Amino acid sequence: MTGVGANPANSTGLSLQQRAEALQADGVFLGGPIRKFATVGRNQLSILLRNGLNGDSRVLDVGCGALRAGYWLIRFLDPGCYFGIEPNRAMLQAGCERIVTAPVIAAKQPRFDHNDRFDFAVFGIEFDYVIARSIWTHTSPAQVITMLEQFAATAPRGVMLASIKECPWYRRQHRGTGWVGKSHESDEGGTVRYRFSWIAAQARRLGLEAHRLDREYGQTWIRISQPGRPLDR
């Protein structure tokens, strides 16, 4: 991957936060507040570790973007264990070149797909973990259900960690169709909210169970897995 912003080699001497700020200065959309780029990515590794992540775990990062979490996960995981889905090709390309950098990509051999259908089966493997931070803050109810169905089919013994902006009791949760917010097809921002009870009900319909976990930067983490699987930490 080449051709995004400044010389990728210039990134190797910068901290992660400096790399992100340089990309933003070059006009690359990174998703979320830039001042939390490094912290929010590191926290995704942390929550996965608290839920049993190992070096040989196969992890799917849905909406991996410019590799905010991928920076940490690709380094931690064994070669070939990180998988990412990101429809915004320029955003992912920038992340590969200037956030993670080419030598790490070559050594760790992550795999990527650009589908915008939330099709987890494109990699042809069974995942141990699926993580989707701040994806359900933009998806329609139908897209949430699609992701749950895909998780059930491609990670039957795995764990899914997804975050939501919780909808208060006095507001109606999102009922629209299609993606809301910036994407590979739109420059217009926006977020949506869901109730945990609704997420849990959709999980139960598929024979799964949902647990509310930590709240972080205005979003609540939800863990989804087969019934009876103990919470790790």
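What you see as residue numbers is a count from 1 along each chain, following the sequence as written. Owing to the predicted nature of the model, reporting of local features is limited to residues with pLDDT of at least 70; listing and counting of side-chain atom pairs is limited to 80 or more, with chain, interface and lining totals taken over all residues. Note: side-chain values were computed over all heavy atoms of the structure, leaving out hydrogens and water.

Side note on the packing of helix α1 (residues 16-25) against helix α4 (residues 89-100)
The axes of two packed helices give the description: the angle between them and the distance between them. Rule in force here: Interaxial angle, 0 to 180 degrees, is taken between N-to-C directions of lines fitted to C-alpha atoms, where a helix line uses only the stretch in contact. Numbering of helices and strands starts at the N terminus; helices are DSSP runs of H or I of at least 4 residues and strands are runs of E of at least 2. Note on terminology: angles under 35 degrees are roughly parallel, angles over 145 are roughly antiparallel, angles of 65 to 115 are roughly perpendicular, and the others are oblique. In a left-handed crossing the near helix is turned counterclockwise from the far helix by less than a right angle, and in a right-handed crossing that turn is clockwise. Contact between two residues is taken to exist if any of their heavy atoms lie within 4.5 Å; hydrogens are not considered. Under the grouping applied here, Gly and all other residues not named as nonpolar or charged are polar, the nonpolar ones being Ala, Val, Leu, Ile, Met, Phe, Trp, Tyr, Cys and Pro and the charged ones Asp, Glu, Lys and Arg.
Two elements in contact, α1 and α4, have axes whose closest approach is 9 Å; the angle formed by their N-to-C orientations is 140°. By the angle between their directions, the pair α1 and α4 is classed as oblique. For the crossing formed where α1 meets α4, the hand is right-handed. Note on element contacts: α4 touches α1 through Ala-94, Arg-98, Ile-99 and Val-100, opposite Leu-16, Arg-19, Ala-20, Ala-22 and Leu-23. Within the contact of α1 with α4, the residues separate by chemical class into 7 nonpolar, no polar and 2 charged.

Focus: the packing of aromatic side chains
The condition that has to hold: Two rings belonging to Phe, Tyr or Trp (six-membered ring only in the last case) form a pair when the distance between their centres is within 6.5 Å. Interplanar angles under 30 degrees mark stacking, angles over 60 mark edge-to-face geometry, and anything in between is tilted. Partly exposed residues are those whose accessible area sits between 20% and 50% of the maximum for their type, while under 20% is buried and over 50% is exposed, using a 1.4 Å probe and protein chains only. Here, over-ring charges are defined by two tests on the NZ atom of lysine or the CZ atom of arginine: distance to the ring centre within 6 Å, and angle to the ring normal within 35 degrees.
The tally for this structure, following the rule as stated, stands at 7 aromatic pairs. On the numbers, 5.1 Å between centres and 80° between planes, the contact of Tyr-71 with Trp-72 is edge-to-face. Overall, Trp-72 belongs to the partly exposed group, its relative accessible area being 21%. Judged by centre distance (5.4 Å) and plane angle (75°), the ring pair of Phe-83 and Phe-127 falls under edge-to-face. Of this pair, Phe-83 sits in strand β2 (residues 82-85) while Phe-127 sits in the loop between β3 (111-113) and β4 (129-132), and the two are 44 residues apart along the sequence. Of the two residues, Phe-83 and Phe-127, neither departs from the other in class, the shared state being buried. What links up through ring pairs into an aromatic cluster is the set Phe-83, Phe-123 and Phe-127. The cationic tip of Arg-75 hangs over the ring face of Tyr-71; the distance from NZ or CZ to the ring centre is 4.0 Å.

With respect to α1
Threshold: In this description, the arc belongs to the directions extending from the helix axis to the C-beta atoms.
Buried residues of α1: Leu-16, Gln-17, Arg-19, Ala-20 and Leu-23, and no others. Buried residues of α1, viewed axially, fall in a sector of 160°; they line one side. Buried positions along α1 lie against α2 (37-50), α3 (70-76) and α4. Where α1 ends, the next residue or the one after it, Gly-27, has phi of about 90°, a positive value.

Looking at unusual backbone geometry
Phi is positive for Gln-109, close to 50°, though the residue is something other than glycine. Among the secondary structure elements, Gln-109 is positioned in the loop between α5 (102-108) and β3.

What to know about the nonpolar core
Note the cut-off: Throughout this description, the term nonpolar core refers to a set of buried Ala, Val, Leu, Ile, Met, Phe, Trp, Tyr and Cys residues connected via side-chain atoms within 4.5 Å.
Leu-30, Leu-48, Leu-53, Val-59, Leu-67, Leu-73 and Ile-99 are the most contacted members of the largest nonpolar core, which totals 35 residues. Elements that contribute at least two residues to this core include exactly α1, α2, α3, α4, β4 and β5 (159-164). No other element matches the 6 residues that α4 contributes to this core. Each residue touching Leu-67, except ones within four places of it in the same chain, is listed here: Ile-74, Tyr-82, Leu-92, Gly-95, Cys-96, Ile-99, Val-100 and Phe-112. Residues Phe-127, Ala-162, Ile-199 and Leu-208 belong to the second largest nonpolar core, which totals 32 residues.

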